[in-house]
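# Working through the structure, step by step
Chain residues, written in single-letter form:
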Amino acid sequence: MKKIALILFISLVSTVPAYAQLGSLIRKAAQKTAEKAAEKAVDRATKEADKAIDRELDKVFTNTENETSAQTPAAESEVTYASLIKQAMQMPTAAQFVSYKGYEFNEQSFKMLASPVTSYMANIAVLTGRAAGLAYSKMDSAQVVGTAYDMASSYTGLSRDELEMLSKMSDEEQEVWLKTNYSQGRAEAAILNEATDAAKYLEPLQPTIDRWTAAGESAESFLSDADEQCRKIYGKYSDRLASAVSDKSRNEILLKYYAETAPIQREAALKAMQMRLDTQLPIAEELEKEMAKIRAQHKDFVSNLLNYPQLTVAGCMGDAGKVMEIKTY
């Protein structure tokens, strides 16, 4: 249990905002919203987000003549974590990634905008947002507001009464109150207590969490193997890159190097994402069933933070981003 608490504490304390930003965080987190108005706003925002997402997906997945290897996926009646991963796996070809890098090096902005890679990376951001939205899709507005208060309390150590009081103050008044009544150590103590309490109810899940972690490491091993292959290829270009006399000549060499590594990186990313889809996500969904029970009993920030399907999707989106890297050693 101490191990779990330590990991949770490190992950949470690393996100504690700087003192200068604290007032803004509290003000935003503590802002009251009338329940009916919030429900209407959420409904409107959801509809607009869905329209925007559909437009992006149309751009990414519409077939063009030899322009992309991706086939338009069948429409799905329900958005799931699995469907988001499958959409992210509809990736541009290696040649398209190389062309995009060429446009970037040559500052050809219009060609970059027209590239399927630009649409793809924009869609990755959209899919990431949808994964985060799924985690809160079953919460009503009152629960969302309550979670915001829990989050602020966990970050700061301030009570809900204090947060509500601060939300009614001006920025200047908040600053004066915080300087007089608050210390960063209070936030760290709150997060440590939160992590310790969370460890108690997460301890029975640790074997399953370990399986989920191992599946993620297996996925990442594909990327590590690709990295080693790229390192060997880089050896052919390192001297030429070091002796390049201008940015233009260096970029030309880098592009040739990337033309060799992009197919390797793309294949590795797809293998990693497939591993997450086939192996890690089922474990994550198994964990989520247990986390749902925990959330029903523990209305705190950590239980809402630890959504393993969402974390799995985030890992997939990170895998996708690796293809864009030009690795130098």
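Structure first, text after, so check above.
Notes on the structure in this doc start here.

About the criteria used
Residues numbered from 1 in each chain as written. Predicted model: local features only at pLDDT ≥ 70, side-chain atom pairs only at ≥ 80, totals over all residues. Heavy atoms only, no water. Helix = DSSP H or I, 4+ residues; strand = E, 2+ residues; numbered from the N terminus. Buried < 20%, exposed > 50% of the residue type's maximum accessible area, 1.4 Å probe, protein only. Contact = heavy atoms within 4.5 Å. Areas by Shrake-Rupley, 256 points an atom, 1.4 Å probe, with all protein chains shown as cover. Polar contact = N/O pair within 3.5 Å; in protein donor to acceptor, adjacent residues only side chain to side chain. Expected span 1.5 Å × (residues − 1). Bend = angle between axes of the 7 residues up to and from the residue. Axes fitted to C-alpha atoms, helices over the stretch in contact; angles between N-to-C directions. Parallel < 35°, antiparallel > 145°, perpendicular 65-115°, else oblique. Nonpolar A, V, L, I, M, F, W, Y, C, P; charged D, E, K, R; others polar. Phe/Tyr/Trp six-rings, centres within 6.5 Å; stacked < 30°, edge-to-face > 60°. Salt bridge = Lys/Arg side-chain N within 4 Å of Asp/Glu carboxyl O.

## Overview of the overall build of the protein
- Summing up its helical and strand segments, the protein has 16 helices and zero strands in all.
- A buried classification covers 42% of the 329 residues belonging to the protein.
- Within the protein, contacts between residues at least 6 apart in sequence are counted, and of these 80% link residues at least 24 apart.
- Summed over all atoms, the accessible surface of the protein reaches about 17900 Å², with 54% contributed by carbon and sulfur.

## Thoughts on the side chain of K101
- Mapped onto the secondary structure, K101 falls in helix α5 (residues 94-105).
- At 3.1 Å, the side chain of K101 and the backbone oxygen of M324 are in polar contact.

## Some remarks on helix α14 (residues 247-297)
- Here α14 spans only 59 Å end to end across 51 residues, well under the 75 Å set by a 1.5 Å rise per residue.
- At Q280, α14 shows its strongest bend, of approximately 45°, with the proline P282 following within four residues.

## Some thoughts on the packing of α14 against helix α16 (residues 308-322)
- For the pair α14 and α16, the least separation of the axes is 8 Å and the interaxial angle reads 175°. In terms of orientation, α14 and α16 fall into the roughly antiparallel class. Two secondary-structure elements touch here, α14 through Q265, A269, A272, M273, R276, Q280, L281, A284, E285, L287 and E288 and α16 through Y308, P309, T312, G315, C316, D319, A320 and K322.
- Taken together, the residues that form the contact of α14 with α16 break down as 10 nonpolar, four polar and five charged.

## Quick notes on the packing of aromatic side chains
- Under the definition given, this model contains five aromatic pairs.
- Seen from their ring centres, F97 and Y120 are 6.5 Å apart, and the 90° between their planes marks the pair as edge-to-face. Remark: Y120 occurs in helix α7 (residues 116-135) and F97 occurs in helix α5; sequence separation between them is 23 residues.
- According to the relative accessible area criterion, Y120 is buried, its value standing at 1%.
- Ring centres 5.7 Å apart and planes at 50° place the aromatic pair Y237 and Y257 in the tilted group. Highlighted residues: Y237 in the loop between α12 (206-234) and α13 (238-242) and Y257 in helix α14, separated in sequence by 20 residues. You'll find Y237 and Y257 in the same group, each marked buried.
- Each member of the aromatic cluster is reached from another via a ring pair, and the members are Y234, Y237, Y257 and Y329.

## Description of the pattern of salt bridges
- Enumeration according to the criterion identifies 13 salt bridges in this entry.
- Where E220 meets R276, a salt bridge forms, and the shortest distance between an N and an O atom there is 3.7 Å. One end of the pair, E220, is in helix α12; the other, R276, is in helix α14, with 56 residues separating them in the sequence.
- One network of salt bridges, with partners in common, ties together D227, E228, R231, K322, E325 and K327.

## Here we look at the side chain of T208
- Position of T208 relative to the elements: it lies in helix α12.
- When near neighbours in sequence (up to four residues on either side) are disregarded, T208 contacts I283, E286 and L287.

## Considerations on α5
- Counted at 1.5 Å a residue, the expected span for α5 with its 12 residues is 16 Å, and the 17 Å between its end C-alpha atoms agrees.
- Within the sequence span of α5, burial applies to A94, Q96, F97, V98, Y100, K101 and G102.
- Structurally, α5 contributes buried residues whose contacts are with α6 (109-114), α7 and α14.
- At the C-terminal side of α5, E107 shows a positive phi close to 55°.

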